[in-house]
Each structure stands twice: as structure tokens, then as C-alpha cells.
Amino acid sequence: MAVIKGLHARLIAERLSVIMKKKGYVFFDKGSFNVNIVGVRSGESKANKFDDMILLVYRNKKGTWEVVSSTATTDPGKHYLVDSPVNDRGTAILVPNQYRGVYRVDIHAKSNKNFAHEALCQRGGVLSVWRDNNRDDILDHNPESIEEGWFGVNIHRSKSSGAANYVGAYSAGCQVFKNSTDFDTFMDVVNKSKDKYGNSFTYTLLEEEDFED
């Protein structure tokens, strides 16, 4: 994890603002802890690595920009793609887009007492996913497979402490942090935002190529 402040944070915020507004997305730049939660998916097509990032971009209580950058996956792991798909139509892969007000702070995996924890959960609206159903570890983005609905694509951690080596069974389509400490920092800021603006969060998923000029 990197917590970026000062000039570097401002430049990142300005760059993201341009990219997102060009796509017609909202970028939150007024008020402290008015968070922008942004996933950035790498161009890697093979699954099971934590090779993406989740950015938390916001103004702190002094009104200056801060960026929390964490290693994550925005893709499902090999376990659900190859070994044990949970849906006959194929494993979910979140389609890049901005999902306004879709997420709430809630308990992820409520039925699993060994893994249940506070996270950002899909509670406020639908998401779009590709369905990958050919049972290999290559991530397929077939436009004809896109579905919109309530899929439980949450934003949560992997291991309860430390960092996971591989995605494995930690994601069936969720956005998952590699390191538990990074996730704790993320949730601390998210809860500060929740206390100030309410329990409704927007998630934006971008791709690596969006940052190429």
C-alpha cells in the first residue's frame, strides 16, 4: 500500500478527474472524505494474480488531496473460473463502468462465520458482468455474455491477516484486496466518509489502457 500526499496526490487526482469526466463519469472533488473509489484493471488476461489496483482518492480534513493505492484483483480467481463455477452461465467478471451509489458498508459473507467481515457490498443497485464459462484461466470479455443484475460483487479483503499469494477462492468476481492491512486502511477512510455523507458509495472500474495517451 502507498499513501500519497502533497503534489503527487494532487496530480493523480487531476489525472483521474480528466479521465473520468471524459467518460461522462462523476469525480467527487468537494468536501473532505468525499471519496472516489477507483479500480484499475491491468491488461493481463490470465487469472489468479493480484495484478490490479484499487485507488481511494479524496480530500483530507485539511482540504488537500490524498491517494491510498492498494494491490488488488478486479477479476475472479482460478478456483471459480476453472474448478468450481458458482453459476451455470459462467463466472462473473465485472464490466468497467461507473456504478453510482451501488455500494454500502455491510457484512460480506454473512453466512460464513470464519470469513464474514465488514466490507463494501452491492446493496444499492445493479452491476454489469461478463460471463466466462469455458473453464480455463484466461479472462474472457465477450460482449454477448454481458448480464445486468444483483450478483454480490463486493469489495473486500482476502486473508484476515497478512497478504494472499494468489487470488484462488477469494474472488468469484468480487474486487479483492491482497493485503489485510491495506483493506483496514481503506475501510477506515470509507467509514469516515460514511459518517459524513451517508452509507452510499460509487465504484468506478477503469482499465490500464485508459491511462495511455
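These notes cover the structure that comes with them. (Residues numbered from 1 in each chain as written. Predicted model: local features only at pLDDT ≥ 70, side-chain atom pairs only at ≥ 80, totals over all residues. Heavy atoms only, no water.)

### Considerations on the sheet that holds strand E5 (residues 91–94)
Link 1 in the chain: The strand order across the open sheet formed by three strands is E5-E8-E9, and the pairing between neighbours is antiparallel. Looking at the sheet topology across the chains shown, the edges are occupied by E5 and strand E9 (147–149). For this sheet the average axis-to-axis angle between neighbouring strands, irrespective of direction, equals 45°.
Link 2 in the chain: Here four bridges tie E5 to strand E8 (residues 127–132), and the two strands are oriented antiparallel to one another. Bridging across to E8, Ala-92 finds its partner in Arg-131. (Pairing = 2+ DSSP bridges. Helix = DSSP H or I, 4+ residues; strand = E, 2+ residues; numbered from the N terminus. Axes fitted to C-alpha atoms, helices over the stretch in contact; angles between N-to-C directions.)

### Thoughts on the packing of aromatic side chains
Centre-to-centre distance and the angle between the planes together describe a pair of aromatic rings.
Link 1 in the chain: Applying the stated criterion across every chain yields a total of seven aromatic pairs.
Link 2 in the chain: Taken together, a centroid distance of 5.7 Å and an interplanar angle of 40° make the contact between Phe-27 and Trp-65 tilted. On the criterion of sequence distance, the pair formed by Phe-27 in the loop between helix H1 (6–22) and strand E2 (36–41) and Trp-65 in strand E4 (residues 65–73) is long-range, its members being 38 residues apart.
Link 3 in the chain: In this structure Phe-27 comes out as buried when scored by relative accessible area, which is 6%.
Link 4 in the chain: Plain terms: the ring middles of Phe-177 and Phe-183 are 5.3 Å apart, the flat faces sit at 65° to each other, and that makes the pair edge-to-face. (Phe/Tyr/Trp six-rings, centres within 6.5 Å; stacked < 30°, edge-to-face > 60°. Buried < 20%, exposed > 50% of the residue type's maximum accessible area, 1.4 Å probe, protein only.)

### Some points on the side chain of Thr-204
Link 1 in the chain: The residue Thr-204 is located in strand E12 (residues 201–207) in this model.
Link 2 in the chain: The exposure class assigned to Thr-204 is buried, which follows from its relative accessible area of 1%.
Link 3 in the chain: In this view, Thr-204 contacts Met-20, Tyr-25, Ile-37, Val-38, Gly-39, Asn-97 and Gln-98; residues no more than four positions away in its chain are not counted. (Contact = heavy atoms within 4.5 Å.)

### A closer look at unusual backbone geometry
Excluding glycine, most residues fall at negative phi; most peptide bonds, likewise, are trans.
Link 1 in the chain: In this structure, Asn-48 takes a positive phi of about 100° despite not being glycine.
Link 2 in the chain: Looking at the element boundaries, Asn-48 is found in the loop between E2 and strand E3 (52–59).
Link 3 in the chain: A positive phi angle, near 60°, is found at Ala-109, a position not held by glycine.
Link 4 in the chain: Among the secondary structure elements, Ala-109 is positioned in the loop between strand E6 (98–108) and strand E7 (117–122).
Link 5 in the chain: We classify Ala-109 as partly exposed; its relative accessible area is 24%.

### Concerning the pattern of salt bridges
Link 1 in the chain: Inspection of every chain in the model, using the stated rule, returns nine salt bridges.
Link 2 in the chain: A salt bridge links Asp-137 to Lys-46; the shortest N-O distance between them is 3.9 Å. Placement of the pair is Asp-137 in the loop between E8 and E9 and Lys-46 in the loop between E2 and E3, with a sequence separation of 91 residues.
Link 3 in the chain: What makes Asp-137 buried here is its relative accessible area of 18%.
Link 4 in the chain: Of the charged contacts in the structure, one is a salt bridge between Glu-147 and Arg-131, with a shortest N-O distance of 3.2 Å. (Salt bridge = Lys/Arg side-chain N within 4 Å of Asp/Glu carboxyl O.)

### Some points on the environment of Asn-48
Link 1 in the chain: For Asn-48, a relative accessible area of 16% puts it in the buried group.
Link 2 in the chain: Note: C-alpha distance between Asn-48 and Gly-168 (120 residues apart in sequence) is 6.1 Å.
Link 3 in the chain: Beyond its immediate sequence surroundings of up to four residues, Asn-48 is in contact with Pro-76, Gly-77, Lys-78, Tyr-166, Val-167 and Gly-168.
Link 4 in the chain: Among the polar contacts listed, one links the side chain of Asn-48 to the backbone nitrogen of Gly-168, at a separation of 2.9 Å. (Polar contact = N/O pair within 3.5 Å; in protein donor to acceptor, adjacent residues only side chain to side chain.)

### Some details on helix H3 (residues 180–197)
Link 1 in the chain: Under the 1.5 Å per step criterion, the end-to-end length of H3 is 25 Å for 18 residues, consistent within 8% with the ideal 26 Å.
Link 2 in the chain: Taken together, the buried positions of H3 are occupied by Ser-180, Asp-182, Phe-183, Phe-186, Met-187, Val-189, Val-190, Asn-191 and Ser-193.
Link 3 in the chain: Between the side-chain oxygen at the start of H3 and the backbone nitrogen of Thr-181 there is a gap of 2.8 Å, and the oxygen is on Asn-179. (Expected span 1.5 Å × (residues − 1).)

### What to know about the nonpolar core
Link 1 in the chain: Ile-37, Leu-56, Tyr-103, Leu-120, Phe-186 and Val-190 are the most contacted members of the largest nonpolar core, which has 36 residues in total.
Link 2 in the chain: Top contributing element to this core by residue count: H3, with five residues.
Link 3 in the chain: The contact partners of Leu-120, leaving out residues within four places of it in the chain, are Ile-37, Tyr-103, Arg-104, Val-105, Asn-154, Ile-155, Phe-186, Met-187, Val-190 and Phe-201. (Core = buried A, V, L, I, M, F, W, Y, C linked by side-chain atoms within 4.5 Å.)

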